[in-house]
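Fold and geometry: a report
Given next are the chains, with one letter for each unit.
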Amino acid sequence: MRLFVSEGAPGSLPVLAAAGRAQGRAELLISTVGPEECVVPFLTRPKVPVLQLDSGNYLFSTSAICRYFFLLSGWEQDDLTNQWLEWEATELQPALSTALYCLVVQGKKGEDVLGPVRRALMHIDHSLSRRSSPFLAGETESLADIVLWGALYPLLQDPSYLPEELGALHSWFQTLSSQEPCQRAAETVLKRQGVLALRPYLQKQPQPSSLEGRVVSNEPEEEELATLSEEEIAVAVAAWEKGLESLPPLRPQQNPVLPVAGERNVLITSALPYVNNVPHLGNIIGCVLSADVFARYSRLRQWNTLYLCGTDEYGTATETKALEEGLTPQEICDKYHIIHADIYRWFNISFDFFGRTTTPQQTKITQDIFQRLLARGFVLQDTVEQLRCERCARFLADRFVEGVCPFCGYEEARGDQCDKCGKLINAVELKKPQCKVCRSCPVVRSSRHLFLDLPKLGARVEEWLERTLPGSDWTPNARFITRSWLRDGLKPRCITRDLKWGTPVPLEGFEDKVFYVWFDATIGYLSITANYTDQWEKWWKNPEQVNLYQFMAKDNVPFHGIVFPSSALGAEDNYTLVSHLIATEYLNYEDGKFSKSRGVGVFGDMAQDTGIPADIWRFYLLYIRPEGQDSAFSWTDMLFKNNSELLNNLGNFINRAGMFVSKFFGGFVPEMVLTSDDQRLLTHVTLELQHYHQLLEKVRIRDALRSILTISRHGNQYIQVNEPWKRIRGGEADRQRAGTVTGLAVNIAALLSVMLQPYMPTVSATIQAQLQLPRPACSILPTSFLCTLPAGHQIGTVSPLFQKLENDQIESLKQRFSGGQLEESLALKAKASPRTAAGPTAAGPQQVQALTEEVAKQGDTVRELKAQKADESRIAAEVARLLDLKKQLALAEGKPLGAPKGKKRK
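The rules behind each value
Residues numbered from 1 in each chain as written. Predicted model: local features only at pLDDT ≥ 70, side-chain atom pairs only at ≥ 80, totals over all residues. Heavy atoms only, no water. Pairing = 2+ DSSP bridges. Helix = DSSP H or I, 4+ residues; strand = E, 2+ residues; numbered from the N terminus. Buried < 20%, exposed > 50% of the residue type's maximum accessible area, 1.4 Å probe, protein only. Polar contact = N/O pair within 3.5 Å; in protein donor to acceptor, adjacent residues only side chain to side chain. Contact = heavy atoms within 4.5 Å. Axes fitted to C-alpha atoms, helices over the stretch in contact; angles between N-to-C directions. Left-handed = near helix turned anticlockwise from the far one by under 90°. Nonpolar A, V, L, I, M, F, W, Y, C, P; charged D, E, K, R; others polar. Salt bridge = Lys/Arg side-chain N within 4 Å of Asp/Glu carboxyl O.

1. Notes on the sheet that holds strand β11 (residues 413-414)
Pairing is antiparallel in the open sheet, where 3 strands are placed in the order β11-β10-β12. The open sheet has two edge strands with one neighbour each: β11 and β12 (431-435). Note that strand β10 (residues 401-404) and β11 share 2 bridges and pair antiparallel. Residue pairing in the sheet places Glu 402 in a bridge with Arg 414 of β11.

2. Focus: the side chain of Gln 302
In this structure, Gln 302 sits in the loop between α11 (281-300) and β6 (304-311). Judged by relative accessible area, which is 18%, Gln 302 ranks as buried. Among the polar contacts made by the side chain of Gln 302, one reaches the main-chain amide nitrogen of Arg 251 at a distance of 2.7 Å. Other than its neighbours up to four places away in sequence, Gln 302 contacts Pro 249, Leu 250, Arg 251, Ser 779 and Ile 780.

3. Some points on the packing of helix α27 (residues 732-755) against helix α28 (residues 761-771)
Close contact between α27 and α28 brings their axes to 8 Å; oriented N to C, the two are set at 145°. In terms of crossing hand, the pair formed by α27 and α28 is left-handed. On α28, the residues that touch Val 746, Ala 749, Ala 750, Ser 753 and Val 754 of α27 are Ser 764, Ile 767, Gln 768 and Leu 771. Here the residues of the contact of α27 with α28 are counted per class, giving 6 nonpolar, 3 polar and no charged.

4. Quick look at the pattern of salt bridges
In total, this model carries 36 salt bridges according to the counting rule given. Where Arg 467 meets Glu 463, a salt bridge forms, and the shortest distance between an N and an O atom there is 3.5 Å. Of this pair, Arg 467 and Glu 463 both sit in helix α15 (residues 454-468), 4 residues apart, which is roughly one turn of that helix. For Asp 488, the salt bridge goes to Arg 487, with nearest N and O atoms at 3.8 Å. Several salt bridges converge on common partners, so that one network encompasses Arg 372, Glu 537, Lys 541 and Asp 573.

5. Looking at the side chain of Ser 127
With respect to the element layout, Ser 127 can be found in helix α4 (residues 111-131). For Ser 127, a relative accessible area of 17% gives the class buried. Polar side-chain contacts of Ser 127 include one of 2.9 Å to the backbone oxygen of His 123.

This is the structure we're talking about:
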């Protein structure tokens, strides 16, 4: 067979991807031809792509060629795929042609491009969400997925044309785009030019007919309620009428929580935060907050749930922090573990146990896994060249070295990475390296180290992934990163370091080394569980009964998706491995990155000082959760979302519903006589609730939050249309109607209080207290909308849930957290013009006072160390810190750098 494709021809994308999928099933020659070349002899116009079969026949329809390749690979046809292909040809292609023509040929942007195709994108997203499956026709990739992906890729590879709210479409598109056949197809057709590669082809096509008359809108369509089937309405009404009786009994609480045979046992971990730093908002949303939402949801579903986390306390970073603060590593760990625990407590993170890795259990379990790997031949020894400081008499870990970046010349590059150009560095490559402790120049020396033989374990990992990934809820970025590591070939990975602070290596000749933190940090989940219960193996050596969900940012994926599974599989001890790896992208701060040293961004210990309640922080972080791509925290947007979504939408509806019960019906829920319109609303709420469940079961946390706001919007519209405040003053029929509307509205508010619990637990509890919601209804989230507040139920006192955020308040906070621009500008001025007449500008008196106290305190520390005749390297580090503080103080006081105090410059 011979496949003819052309660069810049959009139809070539899906056929190349389908051909890649069928690779090895038949002999295939791929030829790239020009767009003007006539390949099919009986066609009067050039046509690509074309597949010439061995029989001499030609296929020149994109979907027909793709279908042929899929049939070769053993795929079986089905009706749903055929329906999608028909829709692609009749609905998607006309809209897409218009959008691409506007973008590429006419140079238009924004809504001019997105408008024609928005309805089609919403249709795909809605179909994926309603079916709750990762692909268009089910759990596995089909012909429909490849054909639609190939059609959409030129447009959607630019994230600005993939609307953020279409989460299911995001996930589907990323999953397919991360596959190797699709990547190769995109590379061949678009040649790194993006959509502009299509320009020569599109310029030769006739201008598409416009799609006038098709009104495109982001708002829920009015006809949605009208298209409900009678069966759907009957089922929803029947569930509503059963009320609280249909709720299952509450699970008895157990302590400790252990797996139960025959139940859904859910083990949840969030990436262990480094103990030496205060977590910023990006750290919080990336692991602990996301995991908390899923843990709370799991408990509402009555799943047997255990949620664990703790501080990661060993390694270079802790030793570095200890030197900086003049404490021992253990003192640093103790200090910052408390800080972390306090922050997560304020954010209302519902850990079943929050532990730490500096425990005897960590040593025991880590050393056991190592010994088992060693005995099975999965540990190698090799010599590594490292920098050694002769004055400090030790090998220097990466973070103890600074020097000139070999790539960009930045003078303060670390031994592992340059903060300016971002490139990874081997410490021995640094120019002019310096020991950060004593500032002497280290020398290159050899050191023996242990390596995990990942290549030898690779086949086991691949086999495990082949069993695990289909049907799992690994996020697209987690799948892509893991597959990339395997595709590039696994390499032996060093698992030891020349440090003192860590888990000791139990092997002769390596007594002076500890395990590298990324070998034993992931084992921390096991040891933390062992500190929670001595029956920890029931969770961690029980893969048949335990579903393990692990939450993290994408930079942690290789260690959870490759390194730890390799260790566990090599240990051959029936360890529970991750079933669902949930990774976020990165959260940025305004237009840049979080930086503690520069004071840029909000860190966990600062959020509680803003006067904004923890639940508002939770809501906004989850609303902007970086699920499909990086997102950014914005003070202006936070104000807008609080005032529009919380105050005007959600808070307004729940408050009105409760107030109507109090004001018009004496605090008792009135009788409800449902009309057909009420039944339709009830059914729509049920469908949205089921959609919420589908999303959270797939850990689509941000999208599920929008279901809550959608139900609230429908509730507000329902109240506004029916005007119970007017009807209550009318005749008997009007008063009865006011009662029905009020009763249905307050029941929607009760449902929202439970749906809100994973996101805003304090607000949820407040609503439930105001409505006096029965305990079973507070603890279980059903799959249908039930009447949980029947006629005659007495509610409590209703009060507003949210406060408006004011512009001046937010502007003040924005300035406060905008960072150390003052210090930076002072330093730059002093460096650029040290002899200017006016001199540097002084800082405020509070800052000067704080720095004066810091200098005095550090001076005492240095004097005490000298009096005690402490280690020279320790004294040198503290002296360096003292000098740095004095420089900061001089700048803050407006004095030129380098001028001794009290002396004039000559």
